[in-house]
Amino acid sequence: TGSKNKMYIGYGNLYFFFDRANITKAFMPNRELTSTESYYATIYSSGKSKQYYESTTKINFNYNRGSGSNDNNNQQYYEHNPYGWNARMAKHDMTDGWDLPPDCQQEGETFFGIPLSRKSDSKLLTTTSFQDQFDFEYLLDRNFTYMKKFGTNHGWLVGEELGNGAGSIVDKDTAHIPIFYTGTTNPAMGGISLEDLIKIGKKIDFGTLYIKPAFVFQDDDGSIKLQFEADANSALGYLYSNLCKMIGISWNYESPFNDLGKYTNCAMHAAGDRAKYGCGPDNANSGGFCPQMTLAYRVGFQSEEHAAAYLDRCNNYVDYWRSLYPSGVAVGTSAFCPDGGCLALFLNRYDIFYVFKPELGGSWVEFMGGSSAPTISPAPTYDGGCDNPHNMHLDKCFRKKHARKASSVAWDSLGAVGQLSIFLLAFMASTLTMSIFLARAKRRRRDGESYLGFLVRDLQGKKKKRKKLRKKVGHGTLDEDLLSDDDAFRSVPARPGKSDRSKSSKRSKSKSFRSKSKSKKSSPEMSLDADSVSEKSSRSRSQSRSRSRSRSKSTKRNKKPSGDDGTQRRQLV
């Protein structure tokens, strides 16, 4: 940012790129040419070109060697080994520096892999974290306790910090496991387009990708790597074998095949390769199936003892991961691949372009306003419609399989205000019910009785009352005749029997009052239930009726006949 830097970094300069992310040399404009540059720049204008071409008859270069120079002394031109790469070149992009296969005219960085970054700065996806199962900070030496320097101008590839070592750039978190390198996406240069790679990824019915850390080690180039178990019989091994079958390069009389007819000449894996040829104690250790994650390039330690102590510390933590996930783990987060075990298509080690869910569960791209899972696709193209597993990644079939319940749709349609109103209404109704119950219990609860006991007793009492009401309606006194001849009526004389009637009525009133007082005295006792009280009251009423009948009969017998029947009148009791 200072004036000195502005002199060297400005408009019109020529730069030398170490790779796509780093500038290692800047050439200022308007400078004087060196003597060598001046000689070759003016060779035509000075008329010395003819003499130069006549004197030059031999070039010290062996055309029979392939790329890689001294690393391929025994390798003839166009006799390409897909696994004989020069791993010391362009370490920032793992696909750069490989020996290009025949008919491949351009290097590329595209590959299929498993994203493991927790602080990605890529703008192609909305989320910045792709997994929350592993924290790789425990494997780093940011304070230079064990290490001395980086052999490249790159720091830790799982996230560098400013000022962490002289000459190291601040790298972003690009943690990932590469599975299958596809090379360039330029079909004119022998590669395969992104569109065709996405179509092939959608056709592979792979299972959930489980990974399990094995150990941390330093390879021959000095790079620190985290090795994962390479199980040829796992879903990861199945995926690698099928990618080799579909888009691997032709090698050893083995040719790829897929229904789309889309192939590439720049893949870094042979068509005949399989997961069982990969690394690991159970495999042949001759193929390309070897899931690893690079932590840093060309790390120099302070001593061999420091290197041993660093690796021992890292592997102790790897043992903790192995005990935590004895059968491996399908990585993901709640915002990215929540079910875990997804496959990603990387444009480079920094940017994820496309994501594929296992078991044909859908795929999506978020770049340039793309779609969320599942991808937006036309109607089913395979026979069988949505019943065919090949069509399950389509948008129409995904919605059909994962249709939402009507209750869930209705609840979401209410919105935040409607949901809050229903919640408040339910809360108020519950509090009102509780207050009514407490008030009722306070008035009617017995001494020492719990609220639960009162509730049970109250419910049982209500049931008995309902049964009693039904019984009275069917067999009560209302069914009796109101106008019976002897029981319901009595004959009394018009005038002379007035005093007798008053006496008998007083006696009946006093007796009924005594019976009522007795019933009132017996009702407050708490030991009697509702049935016993009803039986006693009915018994007292029947006794009073029988006594009144007997008195009416006695008065009839004692009463002298008064002559005409017309002088008598009938009184309703």
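Going by the structure above, here's the rest.
Throughout this document, residue positions are counted from 1 along each chain, in the order its sequence is written. It should be noted that, the model being predicted, local features are given only for residues of pLDDT at least 70 and side-chain atom pairs only at 80 or more, the latter also being counted only at that level, while totals for whole chains, interfaces and linings use all residues. To get the side-chain values, all heavy atoms of the structure are used, and hydrogens and water are removed first.

1. Structural notes on the overall build of the protein
Part 1: Only runs of H or I of at least four residues qualify as helices and only runs of E of at least two qualify as strands under DSSP, and these elements are numbered from the N terminus. From N to C terminus, the protein includes 11 helices and 14 strands.
Part 2: Counting every position in the protein, which comprises 573 residues, the buried fraction comes to 35%.
Part 3: If you sum the accessible surface of the protein, you get close to 36500 Å²; carbon and sulfur atoms cover 53% of it. Exposed residues in this analysis have more than 50% of their type's maximum accessible area, buried residues have under 20%, and partly exposed residues fall in between, with area computed by a 1.4 Å probe over protein chains only. Accessible surface is estimated by sampling points in the Shrake-Rupley manner with a 1.4 Å probe; for residues, cover comes only from the protein chains shown.

2. Focus: a nonpolar patch on the surface
Part 1: Each patch is built from residues lacking any salt bridge and having more than 30% relative accessible area; the joining distance is 9 Å for like charges and 5 Å for nonpolar side chains (Val, Leu, Ile, Met, Phe, Trp, Tyr). The salt bridge criterion pairs a side-chain nitrogen of Lys or Arg with a carboxyl oxygen of Asp or Glu, the two atoms within 4 Å. On the surface, Leu420, Phe423, Leu424, Phe427 and Met428 cluster together to form a nonpolar patch covering roughly 550 Å² of accessible area.
Part 2: By the secondary structure assignment, Leu424 is in helix α8 (residues 406-444).
Part 3: Judged by its relative accessible area of 41%, Leu424 falls in the partly exposed class.

3. Digging into the sheet that holds strand β8 (residues 292-296)
Part 1: Between any two strands, pairing holds if DSSP finds at least two bridges. Read from one edge of the open sheet, 3 strands run β6-β7-β8, paired in antiparallel fashion. Strand pairing shows two members of the sheet lacking a second neighbour, β6 (213-218) and β8, which therefore form its edges. In this sheet, neighbouring strand axes are inclined to one another by 20° on average, regardless of whether the strands run parallel or antiparallel.
Part 2: Where strand β7 (residues 224-228) lies against β8, 4 bridges are found, and the strand directions are antiparallel. Counted as the bridge partner of Ile224 is Ala296 from β8.
Part 3: By the convention used here, residues are in contact when the closest approach between their heavy atoms is within 4.5 Å. Structural elements are reduced to axes, namely lines fitted to C-alpha atoms, with helices fitted over the stretch in contact, and the angle between N-to-C directions of any two is expressed from 0 to 180 degrees. Seen against the sheet, helix α6 (residues 304-324) touches β6, β7 and β8 and runs at an angle of roughly 170° to β6.

4. Overview of α8
Part 1: Expected span, for any helix, means 1.5 Å times one less than how many residues it has. Here α8 contains 39 residues, and its C-alpha end-to-end distance of 45 Å is more than 12% below the 57 Å for a straight helix at 1.5 Å per residue.
Part 2: A residue's bend is given by the angle between axes fitted to the 7 residues ending at it and the 7 residues starting at it. Along its length, α8 shows its largest kink, about 110°, at Gly415.

5. Some thoughts on the environment of Lys245
Part 1: Locating Lys245 in the fold gives a position in helix α5 (residues 235-247).
Part 2: Judged by its relative accessible area of 38%, Lys245 falls in the partly exposed class.
Part 3: Sequence separation of Lys245 and Asp273 is 28 residues, and the distance between their C-alpha atoms is 7.9 Å.

6. Looking at the nonpolar core
Part 1: Put simply, a nonpolar core is a bunch of buried Ala, Val, Leu, Ile, Met, Phe, Trp, Tyr and Cys residues held in one set by side-chain atoms that sit within 4.5 Å of each other. Counting 60 residues, the largest nonpolar core has Leu116 and Met293 as its most contacted members.
Part 2: Broken down by element, this core gets its largest block of residues, 7 residues, from α5.
Part 3: With residues near it in sequence (within four places) discarded, Leu116 still touches Gln131, Phe136, Ala175, His176, Ile177, Ile211, Phe228, Met293 and Val331.
Part 4: If you look at the next biggest cluster of nonpolar residues, it comprises 13 residues, including Tyr181, Met268, Cys342 and Val355.

7. Overview of unusual backbone geometry
Leaving glycine out, the prevailing phi sign among residues is negative, and the prevailing peptide bond configuration is trans.
Part 1: Within the chain, Phe144 stands out as a residue other than glycine whose phi angle is a positive 60°.
Part 2: As for its placement among the helices and strands, Phe144 is situated in the loop between β3 (110-115) and β4 (147-150).
Part 3: A relative accessible area of 22% places Phe144 in the partly exposed class.
Part 4: Phi at Glu359 is positive, roughly 55°, even though this residue is not glycine.
Part 5: Checked against the element boundaries, Glu359 lands in the loop between β11 (352-356) and β12 (363-364).
Part 6: A relative accessible area of 58% places Glu359 in the exposed class.

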